[in-house]
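Commentary on secondary and tertiary structure
Listed here are the chains, written in short residue letters.
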Amino acid sequence: MVAMPHRSLSINGSTYVVEVGDDVPLLWVLRDLLLLRGTKYGCGIGQCGVCTVMVGGQALRSCLLPVGEVREAVTTIEGLAADHPVKRAWISEQVPQCGYCQSGQIMQAAALLQQTSKPTESEIRSAMRGVLCRCGTYNRIVRAIQVASGQVS
Amino acid sequence: MERRAFLGSGLVMAVSMTGALPLRAALLEDNLECGVFLELQADGLVRLFLNKSEMGQGVMTGLAQIVADELGVAWEAMRLVQARAEERYVDPVGGRMVTGGSTSIRHMWRPLQEAAATARELLIQAAAVTWGVEPGTVRMDGGLLATGNGHSAPFGRFIALAKRMPWPERSQLRLRSADQHTLLGRPVPRVDVPDKVQGRACFGLDARPRDVPVAVLAWPPAFGARPGRIDEAAARAMAGVRHVVPLEGAVAVVADTTYQALQGAEALGVDWQGGARLDDRIVTESFAAALQQQGLLAVHRGEVEMGLAGAKTIEAFYELPYLAHVTMEPMNCTVLWHKDRCQIHVGTQNQTEALATAARVSGLPPARIDIQTTYLGGGFGRRLATDMVAEAVAIAKAIDGPVQLVHRREHDFQAGMFRPGCHSLLRGAVGEDGAILAWSHHVATQPLAGPGGQKPGVDRAAVAGVADLPYAVKALEVRWSPVTLPIPVWPWRSVGASHNAFVVESFVDELAYLAQADPLAYRLSLLQGNEAALNVLRLAGEHAAYRPKPAGGGRRQGVAYHYSFGSNCAMVADVTVQDGRPKVARVVAVLDCGPVVNHDLVAAQVEGAVVMGLSAAMKEAVHFAEGGVQSVNLHQYDLLRCDEVPPIEVHLTQVMREVGGVGEPALPPVAPALANGYFAATGRRIRRLPFLAALDQPVRQHTPPAAS
Ligand code: FES
Ligand code: FES
């Protein structure tokens, strides 16, 4: 068997050294090797967005991202500050139902607000279209983003 | 394991989804138990054992509100523990430990209230004895027992004495009146939200200890196919792969990590043998053949044929597809196998069946099986089935060790259990005054056995909302023809109502136009005496600023009403049309589910049901090819996305006295409200779902017509 490369990853402000092949998707490195299980598996093909994390400030689908291509710092739901405005708004607007998609929703929303501090409703909706929610929490998500960006209270 | 979750305001609520038993045993002696669900501790905490699964509906919060309010303790004193699967925790009405049918609050409200009132009564007696006062002078609020004249102490002080007090008769319990409620009816924040926002909530897939291997199944493309030759060596050669386990109709690959198991299952290259003959054409033909049969008579009332001989008649054929649940968390189950006993972590809606399944497959006595319910990443009926438990236990037994079974998404679709497709042929007649002279309704579906098993006679789900048609009709005939197909079918959010409401509410709209009446006014005229139905419809009209206009004349509002799961729901959809395609501009929903524990929980359920209903109505259909499911992942079965969701206004009202269901009743009216709005805007009647596909296809007739 080929020896696995040791690779160093910067995740949530810590450096992790993992022994893993280049092509393993970041999702499974997070969930299975680092036990950072806030990031979820939904489809494995980039269609549902529940696996969304931030890499270098950009929201990416970790199920499609081979760990070998990760060059920048990764932030997962566990690494987003507990009192981040998006998380606070998610609580005040009581967004989650089953909750399974919500890590992905929150990471996508946090990345959006990092790029656009006061997005319009249609900007919010199109930025969020990549993350599915079977429980149908979409309108609360939109409202929570408006709250987090100080556009409504 | 008891985990602590922080509520927004800094309150602390311990939420334990696993490991209730040791804690319980340790504390048992000093605690005051009232029934099996409630335990009061000397330190002022109240432990509530939840026999219902949290799948997003907020049931933990709702049930805790009922107890805290009736008992008279602060919200912060509540500790919630997910009860393990045991006979004593069964739903007192349903007799099983099951979460489904929009029954949790309906079934548990009264029993929990009585348990809490009993505890309060015992404590009051104990305090009265201690202080030498009349029990009638002692009250319990905010966790304190107090008299009007100076006595006051926390309830924990009286636990020991209360345990020796005579148990009050059920008939003598004095439940708090509405004006004494401090939590009931309040939008108390959900206890599960903080964990879900921080990514800490433990779903089934998160319950795997690090060193427990993962099993992924190679699943046949055709229903019922058997594995022939497999390339076991290729799979075993893959990094991390430990076992290849043949199961009935599938092959499991067990590996150290999920990714390795996924890769291993793919490498197996199974040569599948046999299996069903099935594709979309066969499905359509089977339904057509079923509608040619007489079918079983569900209702026959009045002179249907005579009514249909009248002047103004209409015939319509409706077609609805199979649907998948698509819970965002794929099916999974973790078995910690110890040979003579096992612990199972699973997000299930059906603990009773999960336990029975695990016992059957493992050969272990139920007492040696500990089922721990995790959070469910969506249920919608899918997790009433225990196929994932059977698979996981079989694998654990075969490898004689612990394992986590994971359905990859493709497998989740292929091994789905679907909302049955439904074809219906209707004939109706109206008189000069608009009265419905006859309504003849022939529905074809696969029988929906569901968790309860198949019962003889007419399938109840097949004729739900039809056999009990709420509208005044002079003659009614309802027939059901069972369709025989190898497709596994299963309850899907709102079950039979999810197809029949579309048919009934579209057809009543068609009859309104036939009678040259406004669809809303027409419904009101046919529901005389049904105050709850009239109320929701009127309110929906008011809140939506519904404006009657002549048929086909650019009006863009569609109305629908449905009664299901003990609740009344009316909806108005505002529909705009661009290039012939509908866009829903707003949905106004009015729900009467009787008394409400927490308005915000109800509103969230209605919002979610509208989204799921709209998703199904617009987009969703399971397609079949080559013996199995053709749509195996989300690129082939898309769901409604954030930019496709209209504003949804939810209004609650209460005419109903009984507690009604909440999770399901707001789904059925969505599709017909959309179709009726589209007709109002364009004059084109869509009788086939999903909408977007139907628009691109020529109108289909039922061929050959069953009516002679
Ligand atoms: S799991 Fe990554 S997009 Fe679905
Ligand atoms: S909250 Fe359940 S899938 Fe989004």
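On a predicted model such as this, the values are computed, not experimentally measured, just so you know.

Glancing now at the environment of H543 of chain B. Residues and elements named next belong to chain B. Positionally, H543 belongs in helix 15 (residues 531-543). On the basis of relative accessible area, H543 is assigned to the partly exposed category, the value being 33%. Taking the C-alpha atoms as reference points, H543 and R556, separated by 13 residues in sequence, lie 15 Å from one another. Those residues in contact with H543 that lie beyond four places of it in its chain are R586, V588, V590, E649 and H651.

This next bit is on the pairing of strand 2 (residues 14-19) of chain A. Residue and element names in this part refer to chain A. Where strand 1 (residues 6-11) meets strand 2, six bridges bridge the pair, whose relative direction is antiparallel. Bridged to R7 within strand 2 is V18. Linking strand 1 back to strand 2 in an antiparallel pair, the connection comprises two residues, with N12 at a positive phi of about 50 degrees.

Before going further, it helps to examine the packing of aromatic side chains. Enumeration over the complete set of coordinates arrives at 14 aromatic pairs over all chains. Geometrically, the ring pair formed by Y100 of chain A and F203 of chain B is edge-to-face, given 5.2 Å between the ring centres and 90 degrees between the ring planes. Of this pair, Y100 of chain A sits in the loop between helix 2 (85-92) and helix 3 (102-115) while F203 of chain B sits in the loop between helix 5 (193-198) and strand 10 (214-218), each in a different chain. Like Y100 of chain A, the residue F203 of chain B is buried in the burial classification. Plain terms: the ring middles of F37 of chain B and Y89 of chain B are 6.2 Å apart, the flat faces sit at 40 degrees to each other, and that makes the pair tilted. On the criterion of sequence distance, the pair formed by F37 of chain B in the loop between strand 3 (32-34) and strand 4 (38-40) and Y89 of chain B in the loop between strand 6 (78-82) and helix 3 (104-131) is long-range, its members being 52 residues apart. On the accessibility criterion, F37 of chain B (9% relative accessible area) is buried. Owing to a relative accessible area of 2%, Y89 of chain B belongs among the buried residues under this scheme. Members of the aromatic cluster, connected to one another through ring pairs, are F287, Y322, F418 and F624 of chain B.

The next thing to look at is the pattern of salt bridges. Applying the stated criterion across every chain yields a total of 48 salt bridges over all chains. As a salt-bridge pair, R129 of chain A and D643 of chain B come within 3.0 Å of each other at their nearest N and O atoms. On the criterion of chain membership, the pair formed by R129 of chain A in the loop between helix 4 (121-128) and helix 5 (138-148) and D643 of chain B in the loop between strand 28 (628-629) and strand 29 (648-652) is interchain, its members lying in two chains. Judged by its relative accessible area of 32%, R129 of chain A is partly exposed. We note a salt bridge from R236 of chain B to E232 of chain B, for which the minimum N-O separation is 2.9 Å. Residue R236 of chain B and its partner E232 of chain B are located together in helix 6 (residues 232-236), separated by four residues, close to a single helical turn.

All names here are of chain B. An order of 12-13-10-20-17-18-19 is seen for the seven strands of this open sheet, with the pairing classed as mixed. Each of the sheet's edge strands pairs with one partner strand only, and the pair in question is strand 12 (241-247) and strand 19 (369-373). Each strand axis lies, on average, 20 degrees off the axis of its neighbour in the sheet, ignoring direction. Sheet topology places strand 17 (residues 332-337) next to strand 20 (residues 403-406); four bridges connect them, and they run antiparallel. Bridge pairing links T334 to Q404 in strand 20.

Further remarks concern the interface of chain B and chain A. It is common to report an interface's size as the accessible area lost on association of the parts. Contact with chain B, which involves 62 residues of that partner, is made by 48 residues of chain A. Together, M328, R641 and C642 of chain B form the three largest contributors to the area buried by chain B at its contact with chain A, with a combined 16%. We note a salt bridge from D206 of chain B to R31 of chain A, for which the minimum N-O separation is 2.8 Å. Run the count over chain B and chain A and you get 31 residue pairs in polar contact (both at pLDDT 80 or more).

Residues and elements named next belong to chain B. Considered domain by domain, chain B is made up of domain 1 (3-178), domain 2 (204-275 + 331-406) and domain 3 (293-324 + 417-695). Inter-centroid distance (C-alpha atoms) of domain 1 to domain 2 is 37 Å. The interface of domain 1 with domain 2 comprises 18 residues on the first partner and 19 residues on the second. In total, domain 1 and domain 2 occlude about 1,600 Å² of area from one another, counting both sides; carbon and sulfur atoms represent 50% of this. The partner of R84 in a salt bridge is D370, with the nearest N and O atoms 3.6 Å apart. Taken together, the connections running from domain 1 to domain 2 amount to eight residue pairs in polar contact (both at pLDDT 80 or more). Looking at the side of domain 1 that touches domain 2 residue by residue, the class counts come to eight nonpolar, six polar and four charged.

Reading the values: the criteria
- Residues numbered from 1 in each chain as written.
- Chains lettered and ligands numbered in written order.
- Predicted model: local features only at pLDDT ≥ 70, side-chain atom pairs only at ≥ 80, totals over all residues.
- Heavy atoms only, no water.
- Helix = DSSP H or I, 4+ residues; strand = E, 2+ residues; numbered from the N terminus.
- Buried < 20%, exposed > 50% of the residue type's maximum accessible area, 1.4 Å probe, protein only.
- Contact = heavy atoms within 4.5 Å.
- Pairing = 2+ DSSP bridges.
- Phe/Tyr/Trp six-rings, centres within 6.5 Å; stacked < 30°, edge-to-face > 60°.
- Salt bridge = Lys/Arg side-chain N within 4 Å of Asp/Glu carboxyl O.
- Axes fitted to C-alpha atoms, helices over the stretch in contact; angles between N-to-C directions.
- Buried area = accessible area lost by both parts, 1.4 Å probe.
- Polar contact = N/O pair within 3.5 Å; in protein donor to acceptor, adjacent residues only side chain to side chain.
- Domains from an automatic or database assignment.
- Nonpolar A, V, L, I, M, F, W, Y, C, P; charged D, E, K, R; others polar.

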